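Letter by letter, the chains look like this.
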Amino acid sequence: MSDLVVRRVQPSDRPVMERLWLMFRHDMSEFQGQLPRPDGSFRTEWLENVLTGDPEWAGYLIALGENPVGFCFMRALQQPVHVLNAFFMVRPVRRSGLGLRAVQEVLSHHPGPCDVAFQANNEKAVRFWQRVATEVSGDVWTQEARPVAGKPDATPDLWISFKV
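Residues numbered from 1 in each chain as written. Predicted model: local features only at pLDDT ≥ 70, side-chain atom pairs only at ≥ 80, totals over all residues. Heavy atoms only, no water.

Caption draft 1: Quick look at the nonpolar core. If you look at the biggest cluster of nonpolar residues, it comprises 46 residues, and the most contacted ones within it are Met 17, Ile 62, Phe 71, Phe 73, Leu 84 and Trp 129. With residues up to four places along the chain from it excluded, the contact list for Trp 129 reads Leu 84, Phe 87, Val 103, Val 116, Phe 118 and Ile 160. (Core = buried A, V, L, I, M, F, W, Y, C linked by side-chain atoms within 4.5 Å. Buried < 20%, exposed > 50% of the residue type's maximum accessible area, 1.4 Å probe, protein only. Contact = heavy atoms within 4.5 Å.)

Now the structure itself:
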């Protein structure tokens with residue numbers, strides 16, 4: 001699978017990004033307990049930040065040839081520590097090594113300190129992000145539980161910090 005393409009999201013990518021976003025939010029609902037809105041949608045502010053060119057955000061579309069297979073969002077781009085904010089790969093390509101390759105490509109455009117958050121009850125995500133941190137920065141990374149901002153009753157997210 002050498003035709004992996006990782007490129008910046010463009011405004012013209014809105015239709016495909018909206019479809020991938022819906023799949024992502026559906027997957028995340030298993031771990032966050034969020035139901036769709038009455039119209040079947042989920043929250044979209046992160047997607048809108050990427051699609052409208054917010055300078056603190058960068059979105060990357062991940063494809064195999066012409067087939068979209070995922071995305072990655074970075075935020076806090078003008079801050080000392082960047083945040084890998086959202087990552088999604090469609091099910092047929094998971095556990096193939098493409099996710100790791102895609103994340104490494106995205107991170108190569110954003111050197112320096114980086115954080116990524118994920119839910120502790122998502123065991124596959126825990127293993128994946130620990131592997132990413134190790135591949136990117138060796139054994140020089142940390143993991144800690146942090147409260148979810150604005151949600152005092154929510155289970156804390158796990159955060160991994162590393163340097164690209």
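Caption draft 2: Representation of the pattern of salt bridges within the structure. Per the counting criterion, the structure on display carries five salt bridges. For Arg 146, the salt bridge identified is with Glu 144, shortest N-O distance 2.9 Å. What makes Arg 146 partly exposed here is its relative accessible area of 22%. Salt bridges here are not isolated pairs; linked through shared partners, they connect Arg 14, Glu 18 and Glu 48. (Salt bridge = Lys/Arg side-chain N within 4 Å of Asp/Glu carboxyl O.)

Caption draft 3: Region of the structure containing the packing of aromatic side chains. All chains considered together, the criterion is met by 10 aromatic pairs. Ring centres 5.3 Å apart and planes at 75° place the aromatic pair Phe 24 and Phe 71 in the edge-to-face group. Here Phe 71 lies in strand β3 (residues 67-75) and Phe 24 lies in helix α1 (residues 14-32), a separation of 47 residues in the sequence. Like Phe 71, Phe 24 is buried. With a centroid separation of 6.2 Å and an interplanar angle of 70°, the aromatic rings of Phe 24 and Phe 88 are classed as edge-to-face. Of this pair, Phe 24 sits in helix α1 while Phe 88 sits in strand β4 (residues 82-89), and the two are 64 residues apart along the sequence. Given a relative accessible area of 5%, Phe 24 falls into the buried group. (Phe/Tyr/Trp six-rings, centres within 6.5 Å; stacked < 30°, edge-to-face > 60°. Helix = DSSP H or I, 4+ residues; strand = E, 2+ residues; numbered from the N terminus.)

Caption draft 4: A look at the sheet that holds strand β7 (residues 157-163). Taken in spatial order, the seven strands line up as β1-β2-β3-β4-β5-β7-β6 in an open sheet, and their pairing is mixed. Edge positions in the open sheet fall to β1 (4-8) and β6 (142-146), since each of these has one partner strand only. Each strand of the sheet is rotated relative to its neighbour by a mean of 25°, with strand direction disregarded. As paired strands, β3 and β4 are joined by six bridges and run antiparallel to one another. In the sheet register, Phe 73 faces β4, and the bridge partner there is Ala 86. Its contacts with the sheet place helix α4 (residues 123-137) against β4, β5 (113-119), β6 and β7, and it is angled at close to 10° to β7. (Pairing = 2+ DSSP bridges. Axes fitted to C-alpha atoms, helices over the stretch in contact; angles between N-to-C directions.)

Caption draft 5: Main features of the state of the cysteines. Tallying each qualifying case throughout the model produces zero disulfides. Left without a disulfide partner, Cys 72 is nearest to the cysteine sulfur of Cys 114, which lies 8.5 Å away. Owing to a relative accessible area of 0%, Cys 72 belongs among the buried residues under this scheme. Classification of Cys 114 as buried rests on a relative accessible area of 0%. (Disulfide = S-S within 2.5 Å.)

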